[in-house]
Each structure stands twice: as structure tokens, then as C-alpha cells.
Amino acid sequence: MQPHHDEKALLARLQAGEQTALAQLYDHYAGTLYGLAYRITGNAADAEEVVLDAFTQAWRQAQRYDPARGSIAAWLVTIARSRALDRRRQQPRESWPAQPWAALPFAEDPEAIATQSEQAARLRALLNGLPASQRQVLVLAYFYGLSQHEIAAQLGEPLGTVKTRARLGMQKLRAWLPTPAWSQREAA
């Protein structure tokens, strides 16, 4: 997957150390990253710290970004998810949200709020459309950051069963999700 041409130009500016590129990246993706971080950490202050950490890491490691591995958005989400899981692991498990995917994302722009709310509703619908056993494994892995071994131990299920549920759940989600518009433009 290659990023959209606008993303390529933004990335080139970011890699050249242009601060306005970082600001533009922040303006475009901060709400999405905050929503993800909040869903994982369950805490607004922690989510804000995660967003700042993610953009700081993106600024410092812009040269490491590999467009063959995904879009800039996917790269930023991966960074933010990792930082959020690190922060969450520092919290006692009792404070973790029961259904992290249920929280609505944060954005300041009304249009972004509407778009992100629609995306959050779609994600909830997709997750709720999975069999409970597959949804449980994916939520524990993605939102709680547990390894498949940890999930198997927590659920009292064989590791092979957990792996199968994760694979089947991901296959269903991929089949239900549309191909991103920028990916379709590049294929044309």
C-alpha cells in the first residue's frame, strides 16, 4: 500500500524537518489519535499525553516511515496505539474500561466529530457483528494489548483456539471494511 500523493508531499516536508508539516499532520490526525488513546487508556489526561508522545515520535522518526507498509494515518495510529498500551499497562487492571470501543472519539472540528462518530459507530457495529468469542479475542488483543498467550491464559482456552478466533475475526472485519479511497485512486 502506498500513501495518497498528498500524504507523500506532507511526508517529504516532515522528513525535511518542516515544522508546518508537523502542525498540519497534528491538525489532521490529532482527534483520531486522541479517540483511540482515550478508548485504550480510559483517561483524558493520559490520552492527551499519548497524542503528544505519538507526534513527538513521528517527528523524531520521520525518516523511518516506510510507505510500503501503509499510510501515514496507519503509521500514526500504530505509534499512538503502542504508546497508549504502554500507558495502560502502567494502570491497575481494575481501572481499564470494560468496553473501550464504545467511547466516542474526540475532535474539535464539527465536521471531524461527525466523521469520527460515524466511524466509531461503524466500528462498534462491525465488532458487535462478530461472534462473541471472536470479538472478545480481538478486543483483548487490540484494545488491551494482550498477547495471544495472555489471552489464552485469561480465557482458559487453548492457544490454537485463540489464534483461530483472532484470524477468523480479522478475516470477517477485512471482508466487511471498504477499501480506502486513496488506495482505490492509486490502483486506477
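Quantities reported herein were computed from a predicted structural model and do not represent experimental measurements.

What counts, and at which threshold
Residues numbered from 1 in each chain as written. Predicted model: local features only at pLDDT ≥ 70, side-chain atom pairs only at ≥ 80, totals over all residues. Heavy atoms only, no water. Axes fitted to C-alpha atoms, helices over the stretch in contact; angles between N-to-C directions. Helix = DSSP H or I, 4+ residues; strand = E, 2+ residues; numbered from the N terminus. Parallel < 35°, antiparallel > 145°, perpendicular 65-115°, else oblique. Left-handed = near helix turned anticlockwise from the far one by under 90°. Contact = heavy atoms within 4.5 Å. Nonpolar A, V, L, I, M, F, W, Y, C, P; charged D, E, K, R; others polar. Buried < 20%, exposed > 50% of the residue type's maximum accessible area, 1.4 Å probe, protein only. Phe/Tyr/Trp six-rings, centres within 6.5 Å; stacked < 30°, edge-to-face > 60°. 1 Å grid on protein atoms, 1.4 Å probe; cavity = no way out; pocket = protein on both sides within 12 Å on 5 of 7 lines; lining within 4 Å. Points joined across faces, edges and corners; volume = space filled by probe spheres on them. Salt bridge = Lys/Arg side-chain N within 4 Å of Asp/Glu carboxyl O. Core = buried A, V, L, I, M, F, W, Y, C linked by side-chain atoms within 4.5 Å.

On to the packing of helix 7 (residues 148-155) against helix 8 (residues 159-176), then. Two quantities define a packed helix pair, namely the angle between the axes and the distance from one axis to the other. Contact geometry of helix 7 with helix 8 gives a least axis separation of 9 Å together with a crossing angle of 115 degrees. Relative to helix 8, helix 7 is oriented roughly perpendicular. By crossing handedness, the relation of helix 7 to helix 8 is classed as right-handed. Contacts from Gln-148, His-149, Ile-151 and Ala-152 in helix 7 reach Leu-159, Val-162, Lys-163 and Ala-166 in helix 8. The residue makeup of the contact of helix 7 with helix 8, split by class, is five nonpolar, two polar and one charged.

Along the polypeptide, Thr-41 turns up in helix 2 (residues 19-41). Given a relative accessible area of 1%, Thr-41 falls into the buried group.

Further remarks concern the packing of aromatic side chains. One pass over the structure, following the stated rule, counts three aromatic pairs. With a centroid separation of 6.1 Å and 15 degrees between ring planes, the pair formed by Tyr-34 and Tyr-38 is classed as stacked. Note that Tyr-34 and Tyr-38 are positioned in helix 2 at a spacing of four residues, about one turn of the helix. Taking the relative accessible area as the measure of exposure, Tyr-34 reaches 13% and is therefore buried. Taking 5.1 Å as the distance between ring centres and 55 degrees as the angle between the ring planes, the aromatic pair formed by Tyr-65 and Trp-75 counts as tilted. Placement of Tyr-65 in the loop between helix 3 (44-60) and helix 4 (72-89) and of Trp-75 in helix 4 is noted, with a sequence separation of 10 residues between them.

Approximately 250 Å³ is the volume attributed to the second largest pocket. In terms of lining residues, the second largest pocket is bounded by Gln-57, Gln-61, Arg-64, Tyr-65, Asp-66, Arg-69, Gly-70, Ser-71, Ala-74, Trp-75, Thr-78 and Ile-79. Take the lining of the second largest pocket: its biggest share by element is four residues, from helix 4. For the lining of the second largest pocket, the class distribution of residues is four nonpolar, five polar and three charged.

Here the focus is the pattern of salt bridges. Counted by the stated rule, this structure contains six salt bridges. Among the salt bridges present, the one from Glu-18 reaches Arg-13, with a minimum N-O distance of 2.8 Å. On the accessibility criterion, Glu-18 (32% relative accessible area) is partly exposed. Residue classification places Arg-13 among the partly exposed positions, given a relative accessible area of 27%. Each of the salt bridges in this network shares a partner with another, and the network as a whole consists of Asp-46, Asp-53 and Arg-87.

Moving on: the nonpolar core. Within the largest apolar cluster, 42 residues are counted, with the highest numbers of intra-cluster contacts made by Leu-25, Leu-33, Phe-55, Ile-72, Trp-75 and Leu-76. For this core, the leading source of residues is helix 2, giving nine residues. If we ignore the near neighbours within four places in the chain, the residues touching Phe-55 are Leu-22, Leu-25, Tyr-26, Tyr-29, Ala-30, Leu-33 and Leu-76.

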